[in-house]
Amino acid sequence: MSVSVLGSGAFGTALAISLAGNGPVTLWARDTNHASAMKASRENEKRLPGVPLPDHLSVTTDIAEATRNETLLLAVPMQKLRSLLVEHSELLAGKTLVACCKGIELNTGLGPIAVLNKTLPSAKPALLTGPSFADDIARGLPTALTLACDDAALCKDLQQQLTTANLRLYRTTDTTGAEQGGALKNVMAIACGAVIGAGLGDSARAALMTRGYAEMQRMAMACGARPETLAGLSGFGDLTLTCSSDLSRNYRLGLAIGRGETFDPSVTVEGAATARAAAAKADEMKIDTPITQTVTNLVDQRLTIGEAVALLMKRPLKEE
Ligand SMILES: NC(=O)C1=CN([C@@H]2O[C@H](COP(=O)(O)OP(=O)(O)OC[C@H]3O[C@@H](n4cnc5c(N)ncnc54)[C@H](OP(=O)(O)O)[C@@H]3O)[C@@H](O)[C@H]2O)C=CC1
Ligand SMILES: O=C(CO)COP(=O)(O)O
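Residues numbered from 1 in each chain as written. Chains lettered and ligands numbered in written order. Predicted model: local features only at pLDDT ≥ 70, side-chain atom pairs only at ≥ 80, totals over all residues. Heavy atoms only, no water.

Enquirer: So, the pattern of salt bridges: which residues are in play, and what are the values?
Expert: Considering all chains together, one arrives at 10 salt bridges under this definition. When the shortest N-O distance is used, the salt bridge between E70 and K124 registers 3.3 Å. One end of the pair, E70, is in the loop between α3 (63-66) and β6 (71-74); the other, K124, is in strand β8 (residues 124-129), with 54 residues separating them in the sequence. Overall, E70 belongs to the partly exposed group, its relative accessible area being 28%. One continuous salt-bridge network, built from bridges that share partners, spans K102, K185 and D238. (Salt bridge = Lys/Arg side-chain N within 4 Å of Asp/Glu carboxyl O. Helix = DSSP H or I, 4+ residues; strand = E, 2+ residues; numbered from the N terminus. Buried < 20%, exposed > 50% of the residue type's maximum accessible area, 1.4 Å probe, protein only.)

Enquirer: Break down helix α2 (residues 32-41) for me, with residues and values.
Expert: Buried within α2 are the following residues: H34, A35 and M38. One side of α2 holds all its buried residues, which, seen down the axis, span an arc of 100°. Those residues of α2 that are exposed and aimed more than 90 degrees away from the buried face are N33 and A40. Elements in contact with the buried residues of α2: β2 (25-28), β3 (43-44) and β5 (57-60). (Arc of directions from axis to C-beta. Contact = heavy atoms within 4.5 Å.)

Enquirer: Any chance you could break down the site of ligand 2 for me, citing the residues and the numbers?
Expert: Taken together, K102, G130, P131, S132, F133, K185, D238, L241, T242, S248, R249 and N250 make up all the residues around ligand 2. Separating an oxygen atom of ligand 2 from a backbone N or O atom of G130 is a distance of 3.3 Å. N250 is positioned with one of its side-chain polar atoms (N or O) 2.7 Å from an oxygen atom of ligand 2. Relative to its free-state accessible area of 300 Å², ligand 2 is covered by the protein chains to the extent of 92%. Residue assignment for the shell around ligand 2 shows that the elements contributing at least two residues are α12 (233-242) and α13 (249-259). The element that contributes the greatest number of residues to the shell around ligand 2 is α12, accounting for three residues. Partitioning the shell around ligand 2 into residue classes produces three nonpolar, five polar and four charged. (Near = heavy atom within 4 Å. Polar contact = N/O pair within 3.5 Å; in protein donor to acceptor, adjacent residues only side chain to side chain. Areas by Shrake-Rupley, 256 points an atom, 1.4 Å probe, with all protein chains shown as cover. Nonpolar A, V, L, I, M, F, W, Y, C, P; charged D, E, K, R; others polar.)

Enquirer: Hey, could you go over the site of ligand 1 for me, with residue numbers and the actual values?
Expert: If you check the shell around ligand 1, you find 23 residues, and the closest are A10, A134, R249, T268 and E270. Within the side chain of R47, one N or O atom sits 3.0 Å away from an oxygen atom of ligand 1. When residues of the shell around ligand 1 are traced back to their parent elements, those giving at least two are α1 (10-19) and α4 (78-87). The biggest single contributor to the shell around ligand 1 is α4, with three residues.

Enquirer: Which residues make up empty space enclosed by the protein, and what values do they have?
Expert: One simple way to see leftover space: roll a probe sized like a water molecule over the atoms. The tally for this structure, following the rule as stated, stands at one cavity of 30 Å³ or more. What lines the largest cavity is L184, M188, E215, M216, M219, A278, T289 and T292. When residues of the lining of the largest cavity are traced back to their parent elements, those giving at least two are α9 (175-197) and α10 (202-222). Here the element with the most residues in the lining of the largest cavity is α10; it accounts for three residues. Across the lining of the largest cavity, the residue classes break down as five nonpolar, two polar and one charged. (1 Å grid on protein atoms, 1.4 Å probe; cavity = no way out; pocket = protein on both sides within 12 Å on 5 of 7 lines; lining within 4 Å. Points joined across faces, edges and corners; volume = space filled by probe spheres on them.)

Enquirer: Hey, could you go over a nonpolar patch on the surface for me, with residue numbers and the actual values?
Expert: A cluster of nonpolar side chains, contributed by L200, V309 and M313, occupies part of the molecular surface with about 280 Å² of accessible area. Looking at the secondary structure, you find M313 in helix α16 (residues 305-313). Exposure remark for M313: the relative accessible area of 67% places this residue in the exposed category. (Patch = residues over 30% accessible without salt bridge, like charges linked within 9 Å, V, L, I, M, F, W, Y side chains within 5 Å.)

Enquirer: I'd love a proper account of the pairing of β6, names of residues and values included.
Expert: Looking down a regular strand, the side chains alternate between one sheet face and the other. What you see with β6 is no split at all: T71 and L73 on one side and L72 and L74 on the other are buried throughout. In terms of strand pairing, strand β1 (residues 3-6) meets β6 through four bridges, oriented parallel. Among the inter-strand pairings, V3 is bridged to a residue of β6, identified as T71. Sheet topology places β6 next to strand β7 (residues 96-99); four bridges connect them, and they run parallel. Note on β7: the bridge partner recorded for T71 is T96. (Pairing = 2+ DSSP bridges.)

By themselves these figures say nothing about function.
The structure is reproduced here in structure tokens:
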């Protein structure tokens, strides 16, 4: 069965390239100039330069054509997911919609599955998440991801359909755990980038990753997640990748903060809005999330990196 990818950013293009190894794939771009450039060069020079688009991949700006397939991957940033769903609600109703974004919606505190459920109740929602850089997937390097869906039978079908030669999918029905892990690891990556950028060392990063993981577990489990999901690809796996590679945009924003440099605001950095959303939600739920609160203050320039470290180091001593 053919699939379509809506959103021709780095991740959507990489997924479409990999899925084209299984059969025809449609990649939808909202921008006519971008689509024309991709058709002409058979490359997404704007978002994923240097990787050719395979023959089985067709590019379109016609959303009606792209939504003819039953399974649609939604590869837009988290803060743009709702507007995509609302704008094209008639064409997306009743479809199997696989969200590919990692974040928490700023105004509502909802993750991608909840946004799908609220906005398009007739659709069948799923989530694809886990450790993978678009560039690695597009170049055919091996990756393992989590496919989460409340409906166990649909999850199995999607796992078969979306596994490719270089994308190995593990399935789970714990959608809450998968979406919380994928969202919160971006916040921790900003924190880790900041300590490395400020020259505070690898020991500080290891401390942040570990305490950040504890914070992710507290938050996710309070929302109903299963601990084993947090220990899997979408939690621990993605935390490890994103906190240790300067291929990550979240980590690079942190590096810039730590070095006192500016960062291009047009780059997709999910962790910034997600930190604000998660900090507000944690306050409401009375969950202790000192790293998330600190990242929010760093991103919003209410704290310097020196003040942030001092505050974290002076917290009351406690059991691990
Ligand atoms: N890049 C990566 O390595 C990975 C990314 N992800 C996740 O994938 C999601 C998307 O990231 P990524 O592809 O990297 O981001 P990019 O910045 O590369 O691309 C975002 C894409 O979304 C499109 N877009 C934005 N708003 C809308 C809208 N309202 N309707 C239609 N299209 C829209 C943009 O279109 P336009 O070009 O016209 O602006 C652009 O093509 C994020 O949640 C990210 O966390 C997950 C794993 C890996
Ligand atoms: O989610 C990712 C890796 O799994 C990509 O990370 P960035 O969004 O930080 O680039």
